[in-house]
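What follows is the residue order along each chain.
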Protein chains: 2
Amino acid sequence: MQTIQVGLIGLGNVGGGVATILTQQAELITQRLGARLMLKRAARRHPEHPIDVSLSASQVTGDALAVIHDPEIDIVVELMGGYEPARTYLLEALRAGKHVVTANKALLAEHGQELFEAAAAAGRDIGFEASVGGGIPVIRTIKEGFVANRFGAIASIINGTCNYILSQMSDEDLDFAEALKEAQALGYAEADPHFDIAGIDAAQKIALLASLAFGSWVPHQQVYTEGIDGLSRRDIAYARELGYRIKLLALAKTAGGRLDVRVHPAFVALDSWLAHVNGVHNAVSIQGDAVGRSMLIGRGAGAMPTGSAVVGDVVDVARNILQGSSGRVPPRAYQENSLQQLPLQKIDEVVCRYYLRFQVLDQPGTLAAIAGILGQHDISIESVLQKGRAHAQGTPVSVVMMTHEAREQSVQRALQAIASLPAVQGETIRIRVEDAMET
Amino acid sequence: MQTIQVGLIGLGNVGGGVATILTQQAELITQRLGARLMLKRAARRHPEHPIDVSLSASQVTGDALAVIHDPEIDIVVELMGGYEPARTYLLEALRAGKHVVTANKALLAEHGQELFEAAAAAGRDIGFEASVGGGIPVIRTIKEGFVANRFGAIASIINGTCNYILSQMSDEDLDFAEALKEAQALGYAEADPHFDIAGIDAAQKIALLASLAFGSWVPHQQVYTEGIDGLSRRDIAYARELGYRIKLLALAKTAGGRLDVRVHPAFVALDSWLAHVNGVHNAVSIQGDAVGRSMLIGRGAGAMPTGSAVVGDVVDVARNILQGSSGRVPPRAYQENSLQQLPLQKIDEVVCRYYLRFQVLDQPGTLAAIAGILGQHDISIESVLQKGRAHAQGTPVSVVMMTHEAREQSVQRALQAIASLPAVQGETIRIRVEDAMET
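From a predicted model like this one, the values you see are computed outputs, not experimental measurements. (Residues numbered from 1 in each chain as written. Chains lettered and ligands numbered in written order. Predicted model: local features only at pLDDT ≥ 70, side-chain atom pairs only at ≥ 80, totals over all residues.)

Colleague: With reference to specific residues and values, describe the overall build of chain A.
Modeller: Scanning chain A from terminus to terminus reveals 14 helices and 17 strands. Relative to the 2.2 N^0.38 estimate, which gives 22 Å for 439 residues, the radius of gyration of chain A is 24 Å and therefore close to what a compact globule would have. Projected onto the principal axes, the alpha-carbon positions of chain A cover approximately 85 × 45 × 35 Å. Sorting the 439 residues of chain A into buried and exposed places 54% on the buried side. (Helix = DSSP H or I, 4+ residues; strand = E, 2+ residues; numbered from the N terminus. Rg over C-alpha atoms; globule rule 2.2 N^0.38 Å. Buried ≥ 20, exposed ≤ 12 C-beta atoms within 10 Å, placed from the backbone.)

Colleague: Go over the environment of A191 of chain A, please, and point to the residues and values.
Modeller: Residues and elements named next belong to chain A. Structurally, A191 is set in the loop between helix 8 (176-185) and helix 9 (194-197). By the C-beta count within 10 Å, which is 5 here, A191 ends up exposed. Taking C-alpha positions, A191 is 45 Å from Q2, a pair spaced 189 residues apart along the chain.

Colleague: Describe the relation of the copies chain B and chain A, with residues and values.
Modeller: Overlay of chain B on chain A (RMSD 0.0 Å): rotation 180 degrees, translation along the axis 0.0 Å. These values place the two chain copies in the arrangement generated by a two-fold rotation axis. Closest to the rotation axis within chain B is the C-alpha of L296 of chain B, separated from it by 2.3 Å. Taken as a fraction of all interface residues of chain B, those also at the interface in chain A reach 100%, which identifies the copy contact as same-surface. (Least-squares fit on C-alpha atoms with pLDDT ≥ 70 in both. Contact = placed C-beta atoms within 7 Å.)

Colleague: Requested: an account of the interface of chain B and chain A, with residues and values cited.
Modeller: At the junction of the two partners, chain B supplies 49 residues and chain A supplies 49 residues. At the level of elements, helix 2 (26-33), helix 6 (138-145), strand 12 (292-299) and helix 12 (303-323) of chain B are the ones that each hand at least two residues to the side of chain B that touches chain A. Looking at which element gives the most residues to the side of chain B that touches chain A, the answer is helix 12 of chain B, with 10 residues. Here the residues of the side of chain B that touches chain A are counted per class, giving 21 nonpolar, 20 polar and eight charged. As judged from the three bridges shared by strand 12 (residues 292-299) of chain A and strand 12 of chain B, these two strands associate in the antiparallel manner. Of the residues in strand 12 of chain B, the one forming a bridge with I297 of chain A is M295 of chain B. (Nonpolar A, V, L, I, M, F, W, Y, C, P; charged D, E, K, R; others polar. Pairing = 2+ DSSP bridges.)

Colleague: Quick one: what's the story with the nonpolar core, residue by residue and with numbers?
Modeller: The nonpolar side chains of a soluble globular protein tend to be buried, and buried together. Counting 290 residues, the largest nonpolar core has I206 of chain A together with I206 of chain B as the members making the most contacts within it. Filtering out sequence-adjacent residues up to four positions away, I206 of chain A remains in contact with S156, I158, V223, A250, L251, A252, V261 and V263 of chain A. (Core = buried A, V, L, I, M, F, W, Y, C linked by C-beta atoms within 7 Å.)

Colleague: Please set out helix 11 (residues 233-241) of chain B residue by residue, giving values where relevant.
Modeller: Within an α-helix, residues lying three or four positions from one another point in the same direction, as the helix has 3.6 residues per turn. Residue and element names in this part refer to chain B. The complete set of buried residues in helix 11 reads D235, I236, Y238 and A239. One side of helix 11 holds all its buried residues, which, seen down the axis, span an arc of 165 degrees. Where helix 11 is buried, its residues contact helix 7 (160-171), strand 9 (244-255), strand 10 (258-269), strand 13 (351-361), strand 15 (396-403) and strand 17 (429-433). Downstream of helix 11 by a residue or two, G243 has a phi angle that is positive, lying close to 95 degrees. (Arc of directions from axis to C-beta.)

Colleague: Hey, could you go over the sheet that holds strand 6 (residues 126-127) of chain A for me, with residue numbers and the actual values?
Modeller: Residue and element names in this part refer to chain A. The six strands lie next to each other as 3-2-1-4-5-6, forming an open sheet whose pairing is parallel. Each of the sheet's edge strands pairs with one partner strand only, and the pair in question is strand 3 (60-61) and strand 6. As paired strands, strand 1 (residues 3-9) and strand 2 (residues 36-43) are joined by seven bridges and run parallel to one another. Across the sheet, the residue bridging to I4 is L37, located in strand 2.

Colleague: How would you sum up the sheet that holds strand 4 (residues 75-78) of chain B? Please name residues and give values.
Modeller: Residues and elements named next belong to chain B. Reading across from one edge, 3-2-1-4-5-6 is the order of the six strands in this open sheet, with parallel pairing throughout. In this open sheet, the two edge strands, each paired with only one partner strand, are strand 3 (60-61) and strand 6 (126-127). Taken together, the four bridges between strand 1 (residues 3-9) and strand 4 define a ladder with parallel strand orientation. If you follow L8 over to strand 4, its bridge partner there is V77. The sheet contacts of helix 1 (residues 13-24) involve strand 1, strand 2 (36-43) and strand 4, and relative to strand 2 the element is tilted by about 150 degrees. (Axes fitted to C-alpha atoms, helices over the stretch in contact; angles between N-to-C directions.)

Colleague: If you had to explain the environment of L259 of chain A to someone new, which residues and values would you point to?
Modeller: Considering the arrangement of structural elements, one finds L259 of chain A in strand 10 (residues 258-269). Between the C-alpha atoms of L259 of chain A and Q345 of chain A, which are 86 residues apart in sequence, the distance is 5.6 Å.

Colleague: Explain the domain arrangement of chain A to me, using residue names and the numbers behind them.
Modeller: Residue and element names in this part refer to chain A. Along its sequence, chain A is carved into domain 1 (3-134 + 303-337), domain 2 (143-299) and domain 3 (349-433). Taken over C-alpha atoms, the centre of domain 1 sits 27 Å from the centre of domain 2. Domain 1 puts 15 residues into the contact, and the matching count from domain 2 is 17 residues. Residues that form the side of domain 1 that touches domain 2 fall into these classes: eight nonpolar, five polar and two charged. (Domains from an automatic or database assignment.)

Colleague: Residue-level account of the packing of helix 5 (residues 105-122) of chain A against helix 10 (residues 200-214) of chain A, with values.
Modeller: Residue and element names in this part refer to chain A. Running from N to C, helix 5 and helix 10 point in directions that differ by 55 degrees, and their axes come no closer than 9 Å. With respect to helix 10, the element helix 5 is oriented oblique. Along this stretch, helix 5 crosses helix 10, giving a crossing that reads as left-handed. Residue-level inspection shows K105, A106, L108, A109 and G112 of helix 5 in contact with helix 10, the latter providing Q204, K205, A207 and L208. Taken together, the residues of the contact of helix 5 with helix 10 break down into five nonpolar, two polar and two charged. (Parallel < 35°, antiparallel > 145°, perpendicular 65-115°, else oblique. Left-handed = near helix turned anticlockwise from the far one by under 90°.)

If you want it as structure tokens, here you go:
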């Protein structure tokens, strides 16, 4: 029986999961693959640190290049994260004739074009299922299962940290700061959580998914991104009262030859599938012209779920090695000569319904003034809720409005005009309503 | 550019969808596949009938064998349904060196072993993603995406007819007969709905999924099967009151070296993902030891969703043709020499919680007598609801009990003993509670 040898670069959380799976499931994988997968060597920054995976000391090195250039190793798995030296190592591995697998969405969002082109040029496979949605087989589904579909829209919850925080704020009636602290204590949020809570991680992932679905590279820096740190539990409570939950959505849609790709908090209807994806779970709702609306839910992170996706890719690459069929599915889902460059829609042009919360002094005529300005900007109001009466002269009250569909630019201009009304205090809260992906 | 030619047998609902997709998405598929897929010929029972797909009259024949033996056709797609002559045609196509794709779960559940062995022996591919869950990529996920997992349990809603009927009974407060009639009017149920509502279709599908997940062939006739025709809207209403929805679940679990595969109505918690899969949607919840719990939701039937899955398989086979990598993934997920034969658990041995509804005369001591018999059979009661008082002497009232975990055999025996109590009228309703797949 043939043996295919695997080298690992990075032996942290996910690296440990991959090593555990490759060892513990060795027999099962052989039964399914028809060949042995062997973890030959692993590189880590501190090779002398104790490891709790079944690798002997001699299999662990501090020298990533020794793994990459080991002539017996067929597949190099990069799990160190970050841009460099991960990029250099992957390029070097491809240059050395290795197939590669990575879970590094930041690297792919930033340098994916270079890496995918290098893999295509080298005639080697690059697997990256684990880079988006942990254990959720979303990349395989976009590239293979739904290959017969022209995609219309993807709506996803792909940052577990944010989803955990929002779920806790909603279910336990916590403030953002309290929920963040709890997430950090449980290991669901980093000590420096900026990358997650500002939506950057989600933007990198949706840029990658959009690139695959639409065959057009989406630079992640151009994805309009709002995080969750400005959300208050008051808005979460009003959302529930109105029949919604607030989720950090990562969206990608086609809109008249342009791509509308964005990440921001959004109202999703309580009876939609996305509203029921809570805690650290991730979900990707995909709309294709033939398949209709489909959704994949699962654990978006963690050593074992992410490890499952990494090893799934390793097996996929191994099947290609056994059959001599590397490059069987193009890395970017489209043949290199069929890739295009679609323009991105500006956030100004987005059309959707809006939740608006004004802080106003409880004075006669204020509501009429606000409604008047909205009307002047072609924004019609679907419903209004006034929350409580002022307890004392000069204390602002909340006025909540749900609008009909309106253009983002009109809403921005209207809110600027409304801010200058004397009775309007502080900043108005504006949250988009996402109706497109309801069941 | 290479052209791969496809022949179709069956040009009904799904066949029409496949022809439409192959024609309308020809350019898109070429961009992704790197070769042309051409629908060359299609066979149908009445070739003279008008067709609304973009095939010319000369491409349509009444002779399936002419399609199978067309030397230019590489892939034969069987969409006629039924056991024969579908089985003969697929075997003949494999013998003629063609790759095959089918959406025929009944045929695979009945003759899958023969067909999979024939494909393996011929060194040809057999694709069947469309046979379970329409557009949901469940077979690909079990065989490929989750290949690194030992599966623990699959819980699925895989009959759209039943799910539509149960959803309508619940949401519109309809009787079974009314909901069935409505489903028939909308084309969601057949004129003779027995195959669907008795659970046979779901049993065939879960037998197939279990066979792939566990590498052990599950004869569909041995799957314990209860349908939905015995359900009353009263039980659906009580379920909601208790925090549950009733779904027809198709389950497959490993239990101490045995497989527990069954289809029956079950209580699922209102806050579980499965409870939110309504109407004609299907869903498959998969638990793997590495990936954890994951769920795929989508349209379980219909020309276009099922056609999407069929064409996905055709593209998959075409990639293998282009690369010379046929048989890359074994049809039954495991290598032929690694297949095993695990025994099936008997329904008597199932352990779960139960919903019981007794019809009793409102007499002192009745509840105590029922509770006493349950206790004698080691069944402990979690909660009791008495629904209403008798309006007149001799009118039975409903007593609803939720039990703690109990053995099916004990429940059966206890219900027999309870049936002989003088105050107990008519048949006791017994519905299993499925807790395993909650989020």
